[in-house]
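Here are the chains, one letter per residue:
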Amino acid sequence: MLPDDCATCRHDCAGRYGGRVGDWAAVVLAGGAARRMGGVDKPGVPVGGRAMRDRVLDAVADADVRIVVGPAGPVPAGVRSTRERPPGGGPVAAVAAGLSLLPAGTTTVALLAADLPLLTRDAVRLLRDQLADPAVDGACLVDGDGRRQQLCGVWRVAPLRAALGRLATARGGSLDGAAVRALLAGLTVRDVPWPGTGPPPWFDCDTDEDVRRAEEWAR
């Protein structure tokens, strides 16, 4: 069944998702002001001939449900879109908006920044595999220096929802401007180095130079 709170969803999805219980979903966070790139629509910037947002969606093409959270814009067929509250309220508010649209019974969700043009299905599968350990609430890729890529991870829905509730309570009911680090602070997170070869799937594009590097890798 659809969640009750679909007020911000920009699609009539009753026919597509009605009665459907998903095993896993993907929420792609496409907000942010992209100030270091002159305020462009960063998720729409092409790498290898395709928008970064669409390349991330390709990496989770086998998810039961895919949701993009961010300003209104085109999304591929079968993908839902919504907006965080308030608009521009940051990644934690976007996570809450995305989770509010998950079908009942969804157990696992990938939370992914929309500026990960080198992300692959193999990388997402590696993260999902970590949740075979019942002691783990979620798993994130780490870069070559061991830094956790907080918006390149897969999570159990129940503890993630609980963490959102705790954080909202601690902040007087508002998630506006909340930090992702604060959201994840009480969760058991497994940091996962990328063991494969080729471009680093955790690489995010915050500057024009990052986009140029990603273009070189994507060739």
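All of these numbers come straight from a predicted model, not from anything done at the bench.

(A) Layout of the sheet that holds strand S9 (residues 189–193). Here 7 strands make up an open sheet; going across it, the order is S5-S4-S1-S6-S8-S7-S9 and the pairing mixed. Each end of this open sheet is capped by a strand with a single partner; those strands are strand S5 (80–82) and S9. In this sheet, neighbouring strand axes are inclined to one another by 25° on average, regardless of whether the strands run parallel or antiparallel. Strand direction decides the pairing type here: strand S4 (residues 65–69) and S5, joined by 3 bridges, are parallel. In the sheet register, Val68 faces S5, and the bridge partner there is Ser81. Together, strand S1 (24–29), S4 and strand S6 (108–113) form the strand contacts of helix H2 (residues 52–59), whose direction differs from that of S4 by roughly 155°. In the packing of helix H4 (residues 121–130) onto the sheet, contacts are made with S1, strand S7 (138–142), strand S8 (148–156) and S9, and the angle to S7 comes to roughly 140°.

(B) Structural detail: the packing of aromatic side chains. Per the counting criterion, the structure on display carries 1 aromatic pair. Both rings, one in Phe203 and one in Trp217, keep their centres 5.0 Å apart while their planes meet at 75°; by these two values the pair is edge-to-face. With Phe203 in the loop between S9 and helix H7 (208–218) and Trp217 in helix H7, the pair connects residues that are 14 residues apart, well separated along the chain. The exposure class of Phe203 is buried, given its relative accessible area of 6%. A residue is classified by how much of its surface remains accessible, and Trp217, at 30% relative accessible area, is partly exposed.

(C) A look at the nonpolar core. The biggest cluster of nonpolar side chains holds 37 residues, and the ones touching the most others in it are Val60, Leu112, Leu116, Leu119, Val124 and Leu141. The set of elements that each furnish at least two residues to this core consists of S1, H2, S6, H4, S7, S8 and H7. The next biggest cluster of nonpolar side chains, apart from the first, holds 31 residues, and it includes Ala93, Ala97, Leu99 and Leu101.

Parameters and conventions
- Residues numbered from 1 in each chain as written.
- Predicted model: local features only at pLDDT ≥ 70, side-chain atom pairs only at ≥ 80, totals over all residues.
- Heavy atoms only, no water.
- Pairing = 2+ DSSP bridges.
- Helix = DSSP H or I, 4+ residues; strand = E, 2+ residues; numbered from the N terminus.
- Axes fitted to C-alpha atoms, helices over the stretch in contact; angles between N-to-C directions.
- Contact = heavy atoms within 4.5 Å.
- Phe/Tyr/Trp six-rings, centres within 6.5 Å; stacked < 30°, edge-to-face > 60°.
- Buried < 20%, exposed > 50% of the residue type's maximum accessible area, 1.4 Å probe, protein only.
- Core = buried A, V, L, I, M, F, W, Y, C linked by side-chain atoms within 4.5 Å.

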